[in-house]
Amino acid sequence: IQVGVTAQKTMRLLPASGRKATQKVVVGDQDGVITCFGIKKGEAVTVFKTLPGQKIARLELGGALNTPQEKIFVATGSEVRGFTKRGKQFLSFETNLTESIKAMHISGADLFLCASYIYNHYCDCKDQHYYLSGDKINDVLCLPVDKVNCITPVLACQDRVLRVLQGSDLLYEVEVPGPPTVLALNNGNGGDSGEEIIYGTSDGKLGLIQITGSKPIPKWEIGNEKKRGGILCIDSFDILGDGVKDLLIGRDDGVLEIYNFESADDPVLRYDHALSESIASIQGGCVGKDGYDEILASTYSGWLTGLTTEPVHREGGSGEELKLSQEMQSKISSLRNELEHLQMKVLQEREKYQQSSQSSAALSSVPAFSVNDKFTLNKDDASYSLILEVQAAIDTVLVQSDVPIDLLDVDKNSAVVSFSSCDSEPNNNFLLATYRCQANTMRLELKVRSIEGQYGTLQAYVTPRIQPKTCQVHQYQIKPLSLHQRTHSIDHDRPMNTLMLKGQFSFAEIHSWIVFCLPEVPEKTPAGESITFYFQNTFLGTQLESTYRKGEGCFKSDNISTISILKDVLSKEATKRKINLNISYDINEESVKHTLKLIHPKLEYQQLLAKKVHLIDALRELQVHEGNVDFLLPKYRSILEEADQLLEEYKKQPAHLERLYGMITDLFIDKFKFKGTNVKTKVPLLLEILDGCDQDGLINFFEAA
């Protein structure tokens, strides 16, 4: 069944009532429609459907504590509405939030709401507590009151932190390995203690933490070795029928996973299933047929899909032909009829449109379509993933950039890419590439790698397969220090270079400059008088500490190039606002040697890879001529054996070696720039030394120049 486009956590299963063991499904979409339906004889039967309105951001079930949770609550805009399971509206609560509600949790008479940065707690629709978060809130949860005996809300915040509250105050913060996107109570009830929370992150990690009254206790954590998508939804349900609740996970790349707790410790992945688009909500229950449990998933474009434990193939006797059951045959014929009916309807509507568009009073309307996009930095390979998901099939995506960037290969991507030549000089046009998608592609993933110090805009022109042809443009900022990622702490023992700024600027002004320079910084000016952020360069592993307040800023990094980029960009931003800056810096000579030692293993590996790849063709030719390769040295034989992997790796990392050469060259120029010396004439000499790949020779050249 398909409804409109759905947001995260907007589909739930109502508790089974009375003798009927099958459950009803309730789902809210971005057209503002709530649809409640059940399944009878394989067909969806609607219980109720509301009229369209503002888009639904969240859908939760509630009711008095320790009773069946069968009241339906939806968050639309800044309003919360309540419906009975029959579809009768009994609540319309207009909150005092100035922004739209992004996350919601309900426990008895308590309502927990979050906008981008603001958390509000209401009891019986009366305001109780309020908290302003330091970064965007992605989800909210409250530990079960009947087990913990106090109200303990937990906020999942974009800065890789879970914030545990008490009233309107922060009790403590829990650091997690990635930006948390979703929270769920372990086993659906917080476990035996009621204090256990499962979190999922946007980079695909999963973990369990016990939230005690005084401190967090991490129980387990699962990384994302298979490089799958971010986690959007979590549910606990015993689908395997072993008496222990399994963990159901829905990811933004369409992968649905079932984790089983075989031992009492970490969960083990037992099953997975790939859908074609991101899974917005996931639930376990009994929907289609009495006695058979199912997993129900709702995807971004509004498809609801069920995976059942019911055996699909009946066992046939030996030699006996398997006959399709009567039920299955009638289902197939009704689907065929429906398909024919839809095809006729499409033809009629198309003819109608053609006639109206050719008439003298023709008005062409632009069809609206929604695009779900995500532009994130991957820590593992220091690249940006651009994920575009459209409610209709994608025809083409044109990618244009006004800064030099590399397009990397993506395994899951079946689109055909073609590059157009572009003139970088007058128009600042460095990249023009077109992705032509295969039929029924609704989700496209691209990977790009930027160069630090070069900043601008990446644009994606998305054209779906709808008539008349329409295109949407989406813009993504490539920041000056684009390969830096927020981190909780840094190593203070490294040799650091320091940049100090002083001037007549406000806290908000310097914060806006940092937002312009670095990714993952909240746009809202932080509360308090000063703030410290820590970053790590995902490509090199160097670090940056930035502390600033009204009138002054201090930036420390073990990489001179990072300090140089910051100095140039911050000076430029201040000049735009006609603010005089007093800039001072302290350069640590040891830091250059330290950065070179960090770069060198990567350089050595890439040079060796390039050499091996250049030898492959010649070695293959020898193999063809000689028939066998036993006479070759073992190192050359191993190159031939691993040829396919080597070529695959080399193809995935175009221009990797050039990027490393560029970084070392920038480091060399920046080191002497701070001394007031121009060494650009010595760069050819440096490149010769780099080809030799000798670490000591490289360090000596830097020191002797």
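Keep in mind it's a predicted model, so treat the numbers as computed, not measured. (Residues numbered from 1 in each chain as written. Predicted model: local features only at pLDDT ≥ 70, side-chain atom pairs only at ≥ 80, totals over all residues. Heavy atoms only, no water.)

Caption draft 1: Region of interest: the overall build of the protein. Across its full length, the protein holds eleven helices and 42 strands. Its C-alpha atoms give the protein a radius of gyration of 29 Å, near enough to 27 Å, the size a compact globule of 705 residues would have. Each principal axis of the C-alpha atoms in the protein carries an extent, and together these give about 85 × 75 × 70 Å. The burial tally for the protein puts 49% of its 705 residues in the buried class. Residue pairs at least 24 apart in sequence account for 55% of intrachain contacts in the protein once pairs closer than 6 positions are excluded. Per element, the accessible surface of the protein, about 34700 Å² overall, is 50% carbon and sulfur. Here the protein contributes 76 positive and 93 negative side-chain charges, whose respective centroids are spaced 4 Å apart. (Helix = DSSP H or I, 4+ residues; strand = E, 2+ residues; numbered from the N terminus. Rg over C-alpha atoms; globule rule 2.2 N^0.38 Å. Buried < 20%, exposed > 50% of the residue type's maximum accessible area, 1.4 Å probe, protein only. Contact = heavy atoms within 4.5 Å. Areas by Shrake-Rupley, 256 points an atom, 1.4 Å probe, with all protein chains shown as cover. Lys, Arg positive; Asp, Glu negative; His and termini not counted. Charge placed at Lys NZ, Arg CZ, Asp CG, Glu CD.)

Caption draft 2: Representation of the pattern of salt bridges in the model. Enumeration according to the criterion identifies 32 salt bridges in this entry. Among the ionic pairs, Arg 163 bridges to Asp 159, the shortest N-O distance being 2.8 Å. Note on Asp 159: relative accessible area 11%, which makes it buried. The residue Lys 219 makes a salt bridge to Glu 196 at a minimum N-O spacing of 3.5 Å. With Lys 219 in strand β20 (residues 216-222) and Glu 196 in strand β18 (residues 196-201), this pair connects stretches of sequence that are 23 residues apart. (Salt bridge = Lys/Arg side-chain N within 4 Å of Asp/Glu carboxyl O.)

Caption draft 3: Fine view of unusual backbone geometry. For Lys 9, which is not glycine, the phi dihedral falls at a positive 55°. Note on placement: Lys 9 falls in the segment before β1 (11-13). Here the phi dihedral of Asn 440 falls at roughly 65°; this positive angle occurs in a residue that is not glycine. Following the sequence through the fold, Asn 440 ends up in the loop between β33 (431-436) and β34 (443-450).

Caption draft 4: Seen up close, the sheet that holds strand β15 (residues 161-166). Judged by pairing direction, the sheet is antiparallel, and its four strands sit side by side in the order β13-β14-β15-β16 without closing on themselves. Strand pairing shows two members of the sheet lacking a second neighbour, β13 (137-142) and β16 (169-175), which therefore form its edges. Geometrically, the sheet is characterised by an average inter-axis angle of 25° between neighbouring strands, direction not taken into account. Here β13 runs beside strand β14 (residues 153-157); their pairing, made up of five bridges, is antiparallel. Bridge pairing in β14 links Asp 139 to Ala 156. (Pairing = 2+ DSSP bridges. Axes fitted to C-alpha atoms, helices over the stretch in contact; angles between N-to-C directions.)

Caption draft 5: Layout of helix α10 (residues 683-692). Where α10 is concerned, the buried positions are Val 683, Leu 686 and Leu 690. For α10, the arc enclosing every buried residue in end-on projection is 55°, short of the 170-degree limit, so these residues lie on one face. Within α10, the exposed residues directed more than 90 degrees away from the buried face are Glu 688 and Gly 692. Elements that come into contact with the buried residues of α10 comprise α6 (589-626), α9 (656-673) and α11 (695-704). (Arc of directions from axis to C-beta.)

Caption draft 6: Just the nonpolar core, in detail. Val 397, Phe 555, Ile 664 and Phe 702 are the most contacted members of the largest nonpolar core, which totals 75 residues. Setting aside chain neighbours within four positions, we find Val 397 in contact with Leu 388, Ala 433, Thr 434, Tyr 435, Leu 444, Ala 460, Tyr 461 and Val 462. (Core = buried A, V, L, I, M, F, W, Y, C linked by side-chain atoms within 4.5 Å.)

Caption draft 7: Summary view of the side chain of Lys 479. Here Lys 479 is to be found in the loop between β36 (472-478) and β37 (484-487). Among buried charged residues, Lys 479 stands out as having no salt bridge; its nearest opposite-charge side chain is Glu 523, 6.3 Å away. If near-sequence neighbours (up to four positions away) are discounted, Lys 479 is found in contact with Gln 454, Tyr 455, Val 515, Phe 516, Cys 517, Leu 518 and Pro 519.

Caption draft 8: Structural view of the packing of α10 against α11. Direction vectors running N to C along α10 and α11 enclose 165°, while the axes themselves pass 9 Å from each other. Here α10 is positioned roughly antiparallel relative to α11, judged by the angle of their axes. Read as a crossing pair, α10 and α11 show a hand that is left-handed. Of the residues in α11, those touching α10 at Leu 685, Leu 686, Ile 689 and Leu 690 are Gly 697, Leu 698, Phe 701 and Phe 702. (Parallel < 35°, antiparallel > 145°, perpendicular 65-115°, else oblique. Left-handed = near helix turned anticlockwise from the far one by under 90°.)

Caption draft 9: Highlighting the pairing of strand β5 (residues 56-62). For β5, the tally of buried residues reaches seven of seven residues, placing the bulk of the element in the interior. Across six bridges, the pairing between β5 and strand β6 (residues 71-76) is antiparallel. Following the sheet pairing, Glu 60 is matched in β6 by Phe 73.

Caption draft 10: Geometry of the sheet that holds β34. The sheet built from four strands is open, its strands ordered β28-β29-β34-β31 with antiparallel pairing. Single-partner strands in this sheet number two, and they are β28 (371-378) and β31 (405-408). Going from strand to strand, the sheet's axes swing by 25° on average, the running direction of each strand aside. Relative to strand β29 (residues 383-390), β28 runs antiparallel, the two sharing eight bridges. Across the sheet, Asn 378 pairs through a bridge with Ser 383, a residue of β29.

Caption draft 11: Fine view of the confidence of the model for the protein. Looking at the protein as a whole, its pLDDT mean stands at 87, while 96% of the residues score no less than 70. In the predicted structure, residues 315-322 sits below a pLDDT of 50 and forms three contacts with residues beyond four places in sequence or in another chain. (pLDDT = per-residue confidence, 0-100.)

Caption draft 12: Main features of the state of the cysteines. Considering all chains together, one arrives at zero disulfides under this definition. Among the cysteines around Cys 554, which has no disulfide bond, Cys 517 carries the closest sulfur, lying 15 Å off. Judged by its relative accessible area of 19%, Cys 554 falls in the buried class. (Disulfide = S-S within 2.5 Å.)

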